[in-house]
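A closer look at the structure
Each chain, letter by letter, is given below.
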2 protein chains.
Amino acid sequence: MSDPTQHQPRDPGNRVKIFDTTLRDGEQSPGISLNKQEKLEIAHQLARLGVDVIEAGFPITSPGDFEAVQAIAREVEGPVICGLARTSKQDIEAAWNAVRDAARPRIHTFIATSDVHIERKLQTTREDVIGQARAAVAQAREYTEDVEFSPEDGSRSDIQYMAEVIQVALEEGATTINVPDTVGYTMPGEYRAMFEELYRLVPDLRGVTVSVHCHDDLGLASANSLAAVSAGASQIECAVNGIGERAGNASLEEVVMALATRGAYFGATTGIVTEEIARSSRMVSNLTGYVVQPNKAIVGRNAFAHESGIHQAGLLAASSTFEIMKPADVGVTDSDLVLGKHSGRHALRARLEEFGYRLTDAELDEAFRRFKDLADKKKDVTALDLEALVGEEIRERQDRFTLLSYVTQAGSSITPTTQVEVEVRGRKRHGKSFSNGTVESVFKAIDNAVGMKGSLADYQVRAVTAGRDALAEVKLAVQVDGRSYRGQAVSFDVMESSAKAYVRAMNNAAAAKENH
Amino acid sequence: MSDPTQHQPRDPGNRVKIFDTTLRDGEQSPGISLNKQEKLEIAHQLARLGVDVIEAGFPITSPGDFEAVQAIAREVEGPVICGLARTSKQDIEAAWNAVRDAARPRIHTFIATSDVHIERKLQTTREDVIGQARAAVAQAREYTEDVEFSPEDGSRSDIQYMAEVIQVALEEGATTINVPDTVGYTMPGEYRAMFEELYRLVPDLRGVTVSVHCHDDLGLASANSLAAVSAGASQIECAVNGIGERAGNASLEEVVMALATRGAYFGATTGIVTEEIARSSRMVSNLTGYVVQPNKAIVGRNAFAHESGIHQAGLLAASSTFEIMKPADVGVTDSDLVLGKHSGRHALRARLEEFGYRLTDAELDEAFRRFKDLADKKKDVTALDLEALVGEEIRERQDRFTLLSYVTQAGSSITPTTQVEVEVRGRKRHGKSFSNGTVESVFKAIDNAVGMKGSLADYQVRAVTAGRDALAEVKLAVQVDGRSYRGQAVSFDVMESSAKAYVRAMNNAAAAKENH
């Protein structure tokens, strides 16, 4: 590998702090609205993940936000708990009241230093901004010794002026200085040079934590964050799945795994428990409703998956050929070798065995024939699809419940009603329901037949192909006795897929109960 | 802004070629399987987008791939049409036969040069690889003057050895040399240094096109591609929406917009018609089934959207405050100011007016009340959700068709049947259908009532919240007379949402017909 000429390695073992803003900048994303309980759940997971700082919210903005930050400060142990505030007295007071009960509270205050923000958004002057910054940091320091200051839109600010503002914040006792790329405009080389210049202009920065906060408008948030680390920054502000305003913030999982994979290059590590990354990603996606695209780095469904024959052969030969990280490192259980039109019989058997299905040769022949038909005709044949469609009768051998039939009646002015027949351990059981929703009526009728109570936690339908022969894929999650079970099914009818997926989830729930 | 110390600007106006591999590396993504017609459709769109090279496929891998590449070579005008080949005789022959009918055909051949690939995947020696590279480029040059050579896993190769292989390829007449980061391992500074070193070791590289191909395993594909451009590379291999093996390739939209937004920094531009980016993204997402996450740079639903009060105020004050690109630059019609729990009455009115709804003050009051209820209770309230739920009676004023009622009966052993009542221009019409799918039966009954024929092209259902009060959001696309119309609806029942969304799409189709 080439020896990079412009890189001066730092002492290995430098610790880069991870400042997670999933609950603040992430929660400000359009359409995301987490309630207190959901925020607490995420905050507890962030503590398990080992983040150094949780920015829990922006307390002045609403009573709900205040209460959530306060609850996190009181309950969540481990990370520093931080509240955001503009420079006004009330903002900083609200932030302090929200975080004061934490073992280690932080107030984060900010004001814009770029001329475009000063003139057009704040409609004030550079002098006034300096005064506001001074007063805000001083006020925050009366409450706590841990105060972070950010010159907003730092990357587009006049660097001499921004250095002055930072110097003022340091004089008033700020302990972390964060220089954000608020609009996602900067380039890695340029941003690195900016930090190097700031260290030159403000030598006192060497005595505090220098932080970076990047937005992904041009797809460079992670690269810019790492460029700042190369220049000496030791805190990265980031969010799980990279959520945040517009195109979001730097992805926690990307910057963390870059530092984990290339620790020797950066001479730095983080304190993150990387094995908790996949779980954190799923939780944030489920609670925010923000999907993670299949090709998302680290946490996408396919981040560790290979289809093409060439890559699969290489992967089987040695995982180092194509994998620079092990799926297990980020909490993904196996290298999800997805099957496609080029996959062979051996790969199919291997994949099904991972799901616990031991097939006879004849069964494998039949499964392979169906698989090839499906792979020719349909897009997006994931291993789970396969399991749903290929393994039907094999799966049913080990299932407790089998859906025999259902009939639903629904309409705009009638209450949906469903009757089902389910085989439970060889006996035929009937179930029926009236319910508010058509699909819900099917689920309730199944509950009635199997004698369990499920509560729908997630429900997604997708047409796998267009037109008359469209396969409807249903993925759902059902809560039973406080635990969540997933089910998935593919069929030519959305109602049938829904019913089958639900039965699948209930089978998983029943199996879990027997095993405990 | 800081003046980057390490950046030497190049002559402005350098043209960076965009080599699109959506149909090759993208199509190799797990679960993607495009047919010939779909590939042609994407290729035509890539030509409209103005890419310089279309890598249309890997012809040796299957007869289907061969035929698709051949069809693209014969039909699609503008870009160079390229086929991929390993170094074997048959590979290169197949690639040539597939692309030979193009106005400007290219053969792209590759072989790995990293020791881990040579030893474990190819199970051969460095000497043998040199021989294969030489023979392959020589054979390709017998067919065409446009030959690209890639040392696979270049970023992990011994640079001295890789330089030797590249020199051999150049001697045999390769006109483009592409040095890929096959496993997504490199860091921008390191990759840039590698290219600078390669230029030093192989001065002949100055006479050909140097290309870059990056994978996004650590979220750095775009940054690495741009780092190579800073070092002198003048071709970027990328894919629409960043699809490709594992975490995918560099996103076309990210590298293109970085060069467009920061042209002065790079002293380089591309020939891309950026206004076609949004359409290209939607097409690739629809045909591959790969969703684009809301916070995806440039093409995500929220890339240009702001929720928080602070940012909205700034945005209304001056779009330069928070937007470094105009949505229209990439073909997004307006800055999709999404409404959230912090949004005010003025924003709601503005948003609804964009949809063409002029509200009386009383109507706005009612709409605002409903909106606030929704924003408190539900996640992910996009402007379109609002339109569906808030604007019900207002929208119906201008609709041609209104769904009055429906009744559906479905089950595992009966053919789904639906009866609907639709008001068409003040008259009540009845429709009925038998159909294979439950939802399809509703759509066919609506067709029957309104006297038009729609064909479902896309159908997605999402539960907006969990539990009993879940809102079911349906988004669908319907083809009528060869054009596509979208409809969306939110209700507490998935069947009702589906019916309403379909009626909405048919209203759009009817309106379009009247206006033409």
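Residue numbers run consecutively from 1 along every chain, following the written order of its sequence. Chains carry letters and ligands carry numbers; both start at the beginning, A for chains and 1 for ligands, and go up in the order they are written. Only residues with pLDDT of at least 70 get local features here, since the model is predicted, and only at 80 or more are side-chain atom pairs given and counted; chain-wide, interface and lining totals rely on the full set of residues. In computing side-chain values, all of the structure's heavy atoms are included and hydrogens and water are not.

Examining the overall build of chain A
If you tally the helices and strands in chain A, you get 20 helices and 16 strands. Within the span of chain A, comprising 516 residues, buried residues form 65% of the whole. We call two residues contacting when some pair of their heavy atoms lies within 4.5 Å. Relative to all contacts within chain A whose residues are 6 or more apart in sequence, the contacts with residues 24 or more apart total 65%. Accessible surface is estimated by sampling points in the Shrake-Rupley manner with a 1.4 Å probe; for residues, cover comes only from the protein chains shown. As presented, chain A carries roughly 18,500 Å² of accessible surface, and 47% of it is formed by carbon and sulfur atoms. Only DSSP runs of H or I covering at least 4 residues are called helices, and only runs of E covering at least 2 are called strands; the numbering of each starts at the N terminus. Note on exposure labels: buried denotes an accessible area under 20% of the residue type's maximum, exposed denotes more than 50%, and partly exposed covers the range between, all computed with a 1.4 Å probe on protein chains only.

Concerning the packing of helix 9 (residues 221-231) of chain A against helix 10 (residues 252-261) of chain A
All names here are of chain A. Between helix 9 and helix 10, the shortest axis-to-axis distance is 9 Å and the interhelical angle comes to 45°. Compared by their axis directions, helix 9 and helix 10 come out oblique. Our pair here, helix 9 against helix 10, has a crossing hand that is right-handed. Judged by residue contacts, Ser222, Ser225, Leu226 and Val229 of helix 9 engage Glu254, Val255, Ala258 and Leu259 from helix 10. For this scheme, ten residues count as nonpolar: Ala, Val, Leu, Ile, Met, Phe, Trp, Tyr, Cys and Pro. Four count as charged, namely Asp, Glu, Lys and Arg, and the remainder, Gly too, count as polar. Residue composition of the contact of helix 9 with helix 10, by class: 5 nonpolar, 2 polar and 1 charged. The axes are straight lines fitted to the C-alpha atoms, using for helices just the contacting stretch, and the angles between their N-to-C directions are given from 0 to 180°. Reported orientations rely on four angle classes, namely roughly parallel under 35 degrees, roughly antiparallel over 145, roughly perpendicular from 65 to 115, and oblique for the rest. For any helix crossing, the convention is left-handed if the near helix is rotated counterclockwise from the far helix by under a right angle, and right-handed if that rotation is clockwise.

Brief notes about the pattern of salt bridges
Where side chains of opposite charge bring their charged atoms close, a pairing between them can arise. We define a salt bridge as a contact between a side-chain nitrogen of Lys or Arg and a carboxyl oxygen of Asp or Glu at a distance within 4 Å. This model, assessed by the stated rule, comprises 46 salt bridges over all chains. For Arg134 of chain A, the salt bridge goes to Glu171 of chain A, with nearest N and O atoms at 3.7 Å. Of this pair, Arg134 of chain A sits in helix 6 (residues 126-143) while Glu171 of chain A sits in helix 7 (residues 159-171); the two residues are 37 residues apart in sequence, bridging distant segments of the chain. The shortest N-O distance in the salt bridge between Glu172 of chain B and Arg134 of chain B comes to 3.0 Å. Separated by 38 residues along the polypeptide, Glu172 of chain B in the loop between helix 7 (159-171) and strand 7 (176-181) and Arg134 of chain B in helix 6 (residues 126-143) bring together distant segments of the chain. Overall, the relative accessible area of 24% leaves Glu172 of chain B in the partly exposed class. Arg134 of chain B gets classed as partly exposed once you look at its relative accessible area, which sits at 33%. Here the salt bridges share partners, and the residues they tie into one network are Arg24, Asp25 and Glu55 of chain A.

Considerations on the pairing of strand 4 (residues 80-85) of chain B
Residue and element names in this part refer to chain B. Judged by how many residues are buried, strand 4 sits mostly within the fold: 6 of 6 residues are covered. A two-sided burial pattern is seen for strand 4, the buried positions comprising Val80, Cys82 and Leu84 on one face and Ile81, Gly83 and Ala85 on the other. Two strands form a pair only when DSSP identifies at least two bridges running between them. Examined bridge by bridge, strand 3 (residues 53-57) and strand 4 share 4 bridges and lie parallel to one another. For Glu55, the partnering residue across the bridge sits in strand 4 and is Cys82. The path from the first strand over the helix to the second decides the hand: if it runs clockwise while the strands point away from the viewer, the crossover is right-handed. With helix 3 (residues 63-75) bridging strand 3 and the parallel strand 4, this β-α-β connection has right-handed handedness.

A word on the packing of helix 8 (residues 188-201) of chain B against helix 9 (residues 221-231) of chain B
Residue and element names in this part refer to chain B. Running from N to C, helix 8 and helix 9 cross one another at 35°; their axes reach a closest spacing of 8 Å. For the pair helix 8 and helix 9, the sense of crossing is right-handed. The segment helix 8 lies against helix 9, with Pro188, Tyr191, Arg192, Phe195, Glu196 and Tyr199 engaging Ala223, Asn224, Ala227, Ala228, Ser230 and Ala231. When its residues are assigned to classes, the contact of helix 8 with helix 9 shows 8 nonpolar, 2 polar and 2 charged.

Overview of the packing of aromatic side chains
The rule is short: rings of Phe, Tyr and Trp, with Trp giving its six-membered ring, pair when the centres are within 6.5 Å, and they are stacked under 30 degrees, edge-to-face over 60, tilted in between. Enumeration over the complete set of coordinates arrives at 12 aromatic pairs over all chains. Taking the centre distance of 5.0 Å and the plane angle of 90° together, the rings of Tyr265 of chain A and Phe266 of chain A count as edge-to-face. Judged by centre distance (6.2 Å) and plane angle (75°), the rings of Phe443 of chain B and Tyr459 of chain B are edge-to-face. In this pair, Phe443 of chain B sits in helix 19 (residues 438-450) while Tyr459 of chain B sits in strand 14 (residues 455-463), placing the two residues 16 residues apart along the sequence. Of the two residues examined, Phe443 of chain B and Tyr459 of chain B, each falls in the buried class. Through a chain of ring-to-ring contacts, the aromatic side chains of Phe443, Tyr459 and Tyr502 of chain A assemble into a single cluster. Only when the NZ of Lys or the CZ of Arg is both within 6 Å of the ring centre and within 35 degrees of the ring normal is a charge said to sit over the ring. Cation over ring: Arg126 of chain A sits above Tyr161 of chain A, and NZ or CZ is 4.6 Å from the ring centre.

Topic: unusual backbone geometry
Residues and elements named next belong to chain A. At Arg246, a residue that is not glycine, the phi angle is positive and equals roughly 55°. Examined against the element boundaries, Arg246 turns out to sit in the loop between strand 9 (235-238) and helix 10. Since its relative accessible area comes to 1%, Arg246 is described here as buried. Of note in the backbone geometry, Arg425 takes a positive phi value of approximately 50° without being a glycine. Position of Arg425 relative to the elements: it lies in the loop between strand 12 (414-424) and strand 13 (427-434). The exposure class of Arg425 is exposed, given its relative accessible area of 57%.

Description of the side chain of Glu55 of chain A
Residue and element names in this part refer to chain A. Mapped onto the secondary structure, Glu55 falls in strand 3 (residues 53-57). In protein, a polar contact means a hydrogen-donor-capable atom and an acceptor-capable atom, both N or O and within 3.5 Å, with residues adjacent in sequence counting only if both atoms are side-chain atoms; elsewhere, any N or O pair within 3.5 Å suffices. Within the structure, the side chain of Glu55 is placed 3.0 Å from the side chain of Arg24, a separation counted as a polar contact. Side chain to side chain, Glu55 and His108 meet in a polar contact 2.8 Å long. Not counting chain neighbours up to four residues away, the residues in contact with Glu55 comprise Phe19, Asp20, Thr21, Leu23, Arg24, Cys82, Leu84 and His108.

Thoughts on the sheet that holds strand 3 of chain B
Residue and element names in this part refer to chain B. Taken together, 8 strands build a closed barrel; the order of strands is 2-3-4-5-6-7-8-9 and the barrel is parallel. Shown here is a sheet whose adjacent strand axes are inclined to one another by a mean of 25°, direction ignored. Pairing geometry for strand 8 (residues 209-214) and strand 9 (residues 235-238), over 3 bridges, is parallel. The partner of Val212 across the bridge, within strand 9, is Ile236. Sheet contacts for helix 7: strand 6 (147-152) and strand 7; angle to strand 7, the most-contacted strand, approximately 150°.

What to know about the pairing of strand 16 (residues 483-491) of chain A
Residues and elements named next belong to chain A. Of the strand pairs in this sheet, strand 15 (residues 472-480) and strand 16 are connected by 9 bridges, and their pairing is antiparallel. When the sheet's bridge partners are listed, Ala477 is paired in strand 16 with Arg486. Turn length for the strand 15-strand 16 hairpin, with the two strands adjacent in sequence and antiparallel, is 2 residues, and the turn residue Asp481 shows positive phi of about 50°.

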